[in-house]
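Coordinate inspection notes
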Amino acid sequence: MIKKFKLGNPIETYATVEDIMLTNSKPELLKTGEGQRTLSMKLGKSDIIYGMGESVRGINKRGFVYRSFCSDDPNHDEDKASLYGAHNFFIVDRGHEVNGFFIDTPAAVSFDMGFTDPGLIEITLDFPDAYVYEITGKDCGEVTARFRKLIGTPYIPPFWGFGLGQSRWSYENEDRVRSVVKGYREAGIPLDMVYLDIDYMEDYKDFTISEERFPEFENFVKEMKEEGIRLIPIIDAGVKIEPGYDVYEEGLAGGFFCRKEDGEELVSAVWPGKTHFPDFLNPGARRWFGLKYKTLLDKGIEGFWNDMNEPAIFYTEDKLKEVFDEIDEFKGKNIGINEYFAFQDLVKSVSNNMEDYRRFYHNYEGKTINHERVHNLYGANMTRAAADAFKELAPGKKILMFSRASYIGAHRYGGIWTGDNKSWWGHLLLNIQQLPGLNMSGFLYSGADTCGFGANCSRDLALRWFAVSLFTPLMRNHSAMGTRNQEAYVWGNPDDFKNLVELRYAIVPYIYSEFMKAVQNDGMLFTPLAWEYREDMRAREIEDELLVGESIMIAPVYKQNATGRYVYLPERMLFIRFRKYNDYDEMVLEAGDHYIEVGLNEVPVFVRPGKALPLAQPAMRVEDLDYETVKYISFGGEYNLIRPSEENV
Ligand code: MIG
């Protein structure tokens, strides 16, 4: 059962695709407070909260304040209220019944999930205008499926998008890319994609290519394609201000950039230096920017990643001026301790600050709307710009597309990656814990930067991380400038990595098949144990094991120096310890707790009773997988394998 309520005058977000009749009353399960700015609900002692999409902390979201406000913040610490996505959907599992809530507003919202008062959820809207959806059902899966039906079918990537991608900021020229491909080939490790970060461009200008570093780009794309590798360039939101640069000139002439109150285009600095932000909320601007991807499609490119679209702001001219003026006031003064801290904060406040987000406007649905009111739609509409254009530019063809910023609804247009994590063991666990929330919000094609983006990775962390990522639809190894190289072939004994990546390719048919079932049935690819084992009190607290599709459960090792781990089995399962896709131990384990040994080169998988896991003979790239080689590891069951259809290849 879904009920839709209206608070104030909501701004349309197009997050949903189903028409639901408005209930002309206040929300029923959530109690509205003063000025309809707050919504609250009592929490029972053992209620569990799931959802909130891309966010920090555990699978159970209870006990923290999350704030939906797309943010460019590379420090995903435990106290970060906002990451890159704004996914305002959560469910409360009350045992006998489950309630789901979607707060549909493009402005910021805070979700106090039993933090201030352990017995209360309190939602605070920055603006008291929103559609509120209340969904009830018998269990978590049913409520989530109803929500997913409401928001429409998730993006399906091309089949090769399930292969391994290698990325780094940056493989800055042709030879560097060639050497990465060579590294993989020599180690015999499968690979489907190499990502190009901002340095492939000329001065970080969107839709340009550096003549110096990629002098014959089109030929190079072809050369790589012949090698079986697709190049995936990055596109940033900001357009460099540079007279004569076509994207800048056209954007200006078309009136496609965001403006300030005085009618001037906002000047903000990002990688290209000073830029303007395309107004992705304006259909004309969206179409114009989307069609620009043609420049790269024409050169043989078949996939992209969209970045910096929260939008990230290093500084704006206006803010910088204000800060300098304030600093001037400190000059020559005898600074006290409080002033010292205020002084120090001044410079830090320059990037991604609220004043700047209030400084510009969008032309949305025929109205001029301040950015603050629609902030969370910006990145989502950049993705939509690309996806709409792809339909026009490459009809019938699947283009790989994923974004950093997102709002619910954008899951129909592309996937997301989870941004700048670190090569930390804690972030490996975070990777596991983020997956169910992402699926609940419709983001099925997603994954984290394998091995971690910031900080230096170690060999053991790299192995353990590959052993997790090999289950995620988007599997990409990516790292930041200045960090240690972490490609699969750089570590000693690359065969350990080869075996892990081969196992990935061997289970691609399963991941793809379960992905498609999740698309078709409004289902989950990564499910918390408690959703399936409803009566099992232990399962309700498991935060480091997941069901992946219908056949298997995973229990990854995410601690350093661990030679194994404790695993809880809610029922009898077939434990497989893979060393290689065709070399593994098999053991039936009874329900309950077990300590399992898992070497650095091993992957534990548990097949559920009455189910089977398909495994193909691996190939060097996804398109070469031969479905005739698929064999099944069965625990007394059969498997319905969905193969990629013609159009998905
Ligand atoms: O300010 O393009 O999250 O994946 O490598 C950093 C450089 C900008 C942030 C992305 C990251 C990418 C990096 N970008």
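Reference entry: report on the structure contained in this document. None of these values were measured; they are calculated from a predicted model.

Helix and strand content of the chain: 15 helices and 38 strands. The globule rule puts the C-alpha radius of gyration for 649 residues at 26 Å, and the 24 Å found for the chain is close to it. At a minimum sequence separation of 6, the contacts of the chain that also span at least 24 residues come to 74%. Of the roughly 23,800 Å² that the chain leaves accessible, carbon and sulfur atoms contribute 48%.

Grouped burial of nonpolar side chains is what soluble globular proteins tend to show. In terms of nonpolar packing, the biggest core is built from 177 residues, with Y293 and F304 touching the most fellow members. Among the elements that take part in this core, helix α14 (residues 495-520) stands out by supplying 15 residues, more than any other. Not counting the four nearest positions on each side in its chain, F304 is found in contact with I232, P233, I235, Y293, L296, L297, F390, I399, L400, M401 and F402. If you look at the next biggest cluster of nonpolar residues, it comprises 25 residues, including F5, M41, Y66 and V109.

At a minimum axis distance of 8 Å, the contact between helix α5 (residues 283-292) and helix α11 (residues 378-393) shows a crossing angle of 65 degrees. As for how α5 packs across α11, the hand of that crossing is right-handed. Mapping the contact onto sequence places R286, R287, F289, G290 and L291 in α5 and N381, M382, R384, A385, A386, D388, A389, E392 and L393 in α11. Within the contact of α5 with α11, the residues separate by chemical class into seven nonpolar, two polar and five charged.

To continue, consider helix α13 (residues 459-469). Counted residue by residue, α13 has 10 buried out of 11 residues, so it is predominantly covered. Buried residues of α13: D460, L461, A462, L463, R464, W465, F466, A467, V468 and S469, and no others. In this fold, the buried residues of α13 make contact with β12 (164-166), α12 (425-440), β27 (449-450), β28 (475-477), α14 and β36 (603-607).

Summed over the entire model, instances satisfying the criterion amount to 59 salt bridges. Between K274 and E317 there is a salt bridge; the shortest N-O distance is 3.2 Å. With K274 in strand β18 (residues 273-276) and E317 in helix α7 (residues 317-330), the pair connects residues that are 43 residues apart, well separated along the chain. Judged by its relative accessible area of 36%, K274 is partly exposed. On the accessibility criterion, E317 (37% relative accessible area) is partly exposed. Between R577 and D585 there is a salt bridge; the shortest N-O distance is 2.9 Å. Looking at D585, the relative accessible area reads 23%, which means it is partly exposed. Among the charged side chains, a network of salt bridges with common partners joins K225, R230, E302, K397, R621, E623 and D624.

The rules behind each value
- Residues numbered from 1 in each chain as written.
- Predicted model: local features only at pLDDT ≥ 70, side-chain atom pairs only at ≥ 80, totals over all residues.
- Heavy atoms only, no water.
- Helix = DSSP H or I, 4+ residues; strand = E, 2+ residues; numbered from the N terminus.
- Rg over C-alpha atoms; globule rule 2.2 N^0.38 Å.
- Contact = heavy atoms within 4.5 Å.
- Areas by Shrake-Rupley, 256 points an atom, 1.4 Å probe, with all protein chains shown as cover.
- Core = buried A, V, L, I, M, F, W, Y, C linked by side-chain atoms within 4.5 Å.
- Buried < 20%, exposed > 50% of the residue type's maximum accessible area, 1.4 Å probe, protein only.
- Axes fitted to C-alpha atoms, helices over the stretch in contact; angles between N-to-C directions.
- Left-handed = near helix turned anticlockwise from the far one by under 90°.
- Nonpolar A, V, L, I, M, F, W, Y, C, P; charged D, E, K, R; others polar.
- Salt bridge = Lys/Arg side-chain N within 4 Å of Asp/Glu carboxyl O.

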